[in-house]
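So the chains spell out like this:
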Amino acid sequence: MGDYSAFGLVRHNKARVMSAAEAIERLGAGNGLPSSVLPYGNGRSYGDTCLNDAGTLIDMRPMNRIIAFDADSGVVTAQAGLMLSDLIAHVAPQGWFPPVVPGTQFITLGGAIANDVHGKNHHRRGTFGCHVVSFTLLRSDGRTRRCSLDENAELFRATIGGMGLTGLIVTATVQLMKVGAADVDERVRGFSGLGEYFDLAEQADAENEYAVAWIDQLAGGARAGRGFLLTANHATDGEPFKPASRRRLSVPFRPPVNLLNRWSLRLFNGAFAWQKGRAEGIRRASYASYFFPLDAVRHWNRLYGPRGLLQHQSVVPFASARQTIPAMMAAARDAGQASFLTVLKRFGDTASPGLLSFPRPGYTLTLDFSNAGAATNALFERLDRMTVDAGGAVNPYKDARMGAALFDASFGRWRDVEALRDPVFLSDFWRRTALQLGSSQNGGRHAAE
Ligand SMILES: Cc1cc2nc3c(=O)[nH]c(=O)nc-3n(C[C@H](O)[C@H](O)[C@H](O)COP(=O)(O)OP(=O)(O)OC[C@H]3O[C@@H](n4cnc5c(N)ncnc54)[C@H](O)[C@@H]3O)c2cc1C
């Protein structure tokens, strides 16, 4: 049996698994689906939006064919299980690139749409969903609907960012972005504190396709908030595409203890700072090293040991960011919790067609913690409150524990998605949040029916 966990490895998958081909065959034969199913992409969501312990997961990965690619217009149609890495390898030699890529290329096309993922260029391109021309959606009634802004528009909007609850995306058509080369010209700039970062960030966005900051969350006192701003633009000369090296380090098994303690983190952050510090200035960087640095080590999430890793990603509006983000980082330090990877990005104001899309104008902070049980929970509740008080939102597809009220506060349009949810599609996340709200407030699909 394959691997059907979520990326945080906080718990083992208990769901039964069925292939996409079997699900499609059953529907074609009029046999229906089991009572609770959820599409599974490549499990790169951190928490339980891709899990369905009480039911069945539908594995989309074998459905990974590119159906059509027009190298003049950059429009590609593919099956939803296609991996982003394979899409890039196919289209980049012809001068095209996905307009939005997250921090890993090991995600499926269906997962990119269902979570409406964002990249380091939200300020220019918005989310992945902004570039989806159309998709076909198979529902448990056995009917396939073509969805776009002009056809079944409500289902289109509910499915983009709809976390797999509206049906099975079978194929999708996406408009790619023309580039001179997949590789980028990267500029690394150090900053000594968050104030300096905020002074640089807006201009960096205005001048560059991509921008992201890595912060040394462990540095306290006068060095608190120090880090590096990494901006980049696709190269305009050189080969359009050099394949990424296939040699990758790997963590072969899950160690019985968490190897990421305060000392190893200090070492990592120090080494990262040293390496990046040396490279200050503009340099040509491979697309893999700029966009997907964490992909270089397979199974790095196993280093967090038997209790796994919890990520907290928040977005707070511009007006409150300068106060809230330093306060959130200080809260983590005060709680004695060290974030292994701390990333700060600026979202722009391009609206997504998706009803439950996470990005909104402001700054987004991502913190990775090893799961220390109650202590981490208490910290996350504090971070949640700070986010909501600042008028922000917490990312559901990075989450494994947010409460129903927090979800409601951040994603008021969940009721519209619930009303369009396929009756047999469910996730553990949705059971924990929306369905609780549905029963306590008499909202959701039952009220709508
Ligand atoms: C190292 C790392 C870095 C990351 N960086 C970013 C980042 O910068 N920005 C960002 O936005 N995200 C980021 N992510 C999160 C990741 O990009 C998303 O969670 C992505 O959606 C995972 O895709 P997947 O194919 O693995 O889908 P899964 O995680 O398996 O599933 C995601 C959701 O999509 C649904 N789904 C999957 N396939 C289909 C289908 N065919 N039809 C309908 N629904 C479907 C599932 O039901 C589930 O709700 C990162 C993750 C990792 C591990």
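Structure report, in brief. Just so we're clear, the structure is a prediction, and the values are computed from it rather than from any experiment. (Residues numbered from 1 in each chain as written. Predicted model: local features only at pLDDT ≥ 70, side-chain atom pairs only at ≥ 80, totals over all residues. Heavy atoms only, no water.)

Observations regarding the packing of helix H6 (residues 194-207) against helix H9 (residues 318-334)
A packed helix pair is summarised by two numbers, namely the angle formed by the two axes and the spacing between the axes. Our working rule: Think of each axis as a best-fit line through the C-alpha atoms, taken over the contacting stretch in the case of a helix, with angles from 0 to 180 degrees between the N-to-C directions. For the purposes of this entry, the term helix denotes a DSSP run of H or I that reaches at least four residues, the term strand denotes a run of E that reaches at least two, and both are numbered from the N terminus. An angle below 35 degrees is read as roughly parallel, one above 145 as roughly antiparallel, one from 65 to 115 as roughly perpendicular, and any other as oblique. Here a crossing is called left-handed whenever its near helix is offset anticlockwise from the far helix by less than a right angle, and right-handed whenever the offset is clockwise. Note on contacts: a residue pair is in contact if any heavy atoms of the two residues lie within 4.5 Å. Under the scheme applied, nonpolar residues are Ala, Val, Leu, Ile, Met, Phe, Trp, Tyr, Cys and Pro; charged residues are Asp, Glu, Lys and Arg; polar residues are all the others, including Gly.
Two numbers describe how H6 lies on H9: the axes approach to 11 Å, and their chain directions differ by 140 degrees. It follows that H6 is oblique to H9 by the angle criterion. Classified by chirality, the crossing of H9 by H6 is right-handed. Two secondary-structure elements touch here, H6 through Leu 194, Gly 195, Phe 198 and Asp 199 and H9 through Ala 321, Arg 322, Ile 325, Pro 326 and Met 329. When its residues are assigned to classes, the contact of H6 with H9 shows 6 nonpolar, 1 polar and 2 charged.

With respect to the pattern of salt bridges
Stated precisely, the cut-off is as follows: Whenever a carboxyl oxygen of Asp or Glu lies within 4 Å of a side-chain nitrogen of Lys or Arg, that contact is scored as a salt bridge. When a residue's accessible area, from a 1.4 Å probe over protein chains only, is under 20% of the maximum for its type it is buried; when over 50% it is exposed; and in between it is partly exposed.
One pass over the full model with this rule turns up 24 salt bridges. Among the salt bridges present, the one from Asp 428 reaches Arg 11, with a minimum N-O distance of 2.3 Å. With Asp 428 in helix H13 (residues 428-432) and Arg 11 in the segment before strand E1 (16-19), this pair connects stretches of sequence that are 417 residues apart. Overall, the relative accessible area of 10% leaves Asp 428 in the buried class.

Considerations on the sheet that holds strand E5 (residues 75-79)
Put simply, the test is: Paired strands, as defined in this entry, are two strands with at least two bridges between them according to DSSP.
The 5 strands are arranged E4-E5-E9-E7-E8 in an open sheet whose pairing can be described as antiparallel. The open sheet has two edge strands with one neighbour each: strand E4 (66-70) and strand E8 (144-147). Each strand axis lies, on average, 10 degrees off the axis of its neighbour in the sheet, ignoring direction. Both strand E7 (residues 132-138) and E8 contribute to a ladder of 4 bridges, which runs antiparallel.

Looking at the pairing of strand E3 (residues 56-59)
A two-sided burial pattern is seen for E3, the buried positions comprising Thr 56 and Ile 58 on one face and Leu 57 and Asp 59 on the other. Taken together, the 4 bridges between E1 and E3 define a ladder with parallel strand orientation. Directly across from Arg 16, in E3, lies its bridge partner Thr 56. Summarising the sheet, strand E2 (residues 37-40) and E3 pair through 4 bridges and their orientation is parallel. Paired with Tyr 40 across the two strands is Asp 59, which belongs to E3.

What about the site of the ligand?
Operational definition: Neighbouring residues are identified by heavy atoms, a residue being near a molecule or strand if any of them is within 4 Å of it. Whenever a nitrogen or oxygen atom comes within 3.5 Å of another N or O atom, the pair is scored as a polar contact, on the condition that within protein one atom can donate a hydrogen and the other can accept it, and that pairs from neighbouring residues in sequence are kept only if both atoms are in side chains. What sets the accessible areas is the Shrake-Rupley method with a 1.4 Å probe; for residues, cover comes only from the shown protein chains.
In the vicinity of the ligand lie 35 residues, with Pro 39, Gly 41, Ser 45, Thr 108 and Tyr 397 positioned nearest. Within the backbone of Ile 169, one N or O atom sits 2.9 Å away from a nitrogen atom of the ligand. Between Lys 345 and the ligand, the recorded distance is 3.3 Å, taken from a side-chain N or O atom to an oxygen atom. Within the complex, 97% of the 980 Å² of free accessible area of the ligand lies under protein.

Observations regarding the pairing of E4
Sheet topology places E4 next to E5; 4 bridges connect them, and they run antiparallel. Bridging from a neighbouring strand, Phe 69 pairs with Val 76 of E5.

Some details on the packing of aromatic side chains
Filter applied, for reference: Two rings from Phe, Tyr or Trp (for Trp, the six-membered ring) form a pair when their centres are within 6.5 Å of each other. A pair whose planes differ by under 30 degrees is stacked, one over 60 is edge-to-face, and the rest are tilted. Whether a charge sits over a ring depends on NZ of Lys or CZ of Arg being within 6 Å of the ring centre and within 35 degrees of the ring normal.
In this structure the tally under the stated criterion is 24 aromatic pairs. Ring plane angle 80 degrees and centroid distance 5.2 Å describe the contact between Tyr 290 and Phe 291, whose orientation is recorded as edge-to-face. Taken as a pair, Tyr 290 and Phe 291 share a single burial class, namely buried. Here Lys 120 stacks its cationic end above the ring of Tyr 290, 5.9 Å away from the centre of that ring. One Lys or Arg, Arg 360, reaches over the ring of Phe 411 and ends 5.0 Å from the middle of that ring.

A short note on the sheet that holds E1
Taken in spatial order, the 3 strands line up as E1-E3-E2 in an open sheet, and their pairing is parallel. Every interior strand has two partners, whereas the edge strands, E1 and E2, have only one. The average angle at which neighbouring strand axes cross in this sheet is 30 degrees, direction not considered. Across the sheet, helix H1 (residues 20-28) touches E1 and E3, and the angle it forms with E1 is around 75 degrees.

Considerations on unusual backbone geometry
The phi dihedral of Leu 9 is positive, around 55 degrees, even though this residue is not glycine. With respect to the secondary-structure elements, Leu 9 resides in the segment before E1. With a relative accessible area of 12%, Leu 9 lands in the buried category.

Considering helix H2 (residues 84-91)
Going by this rule: Directions pointing from the helix axis toward each C-beta atom define the arc.
Taken together, the buried positions of H2 are Leu 84, Ser 85, Leu 87, Ile 88 and Val 91. What you see down the axis of H2 is that its buried residues fit within an arc of 160 degrees, all on one side. Looking at the buried side of H2, the elements it contacts are E4, E5, strand E6 (96-97) and helix H8 (287-291).

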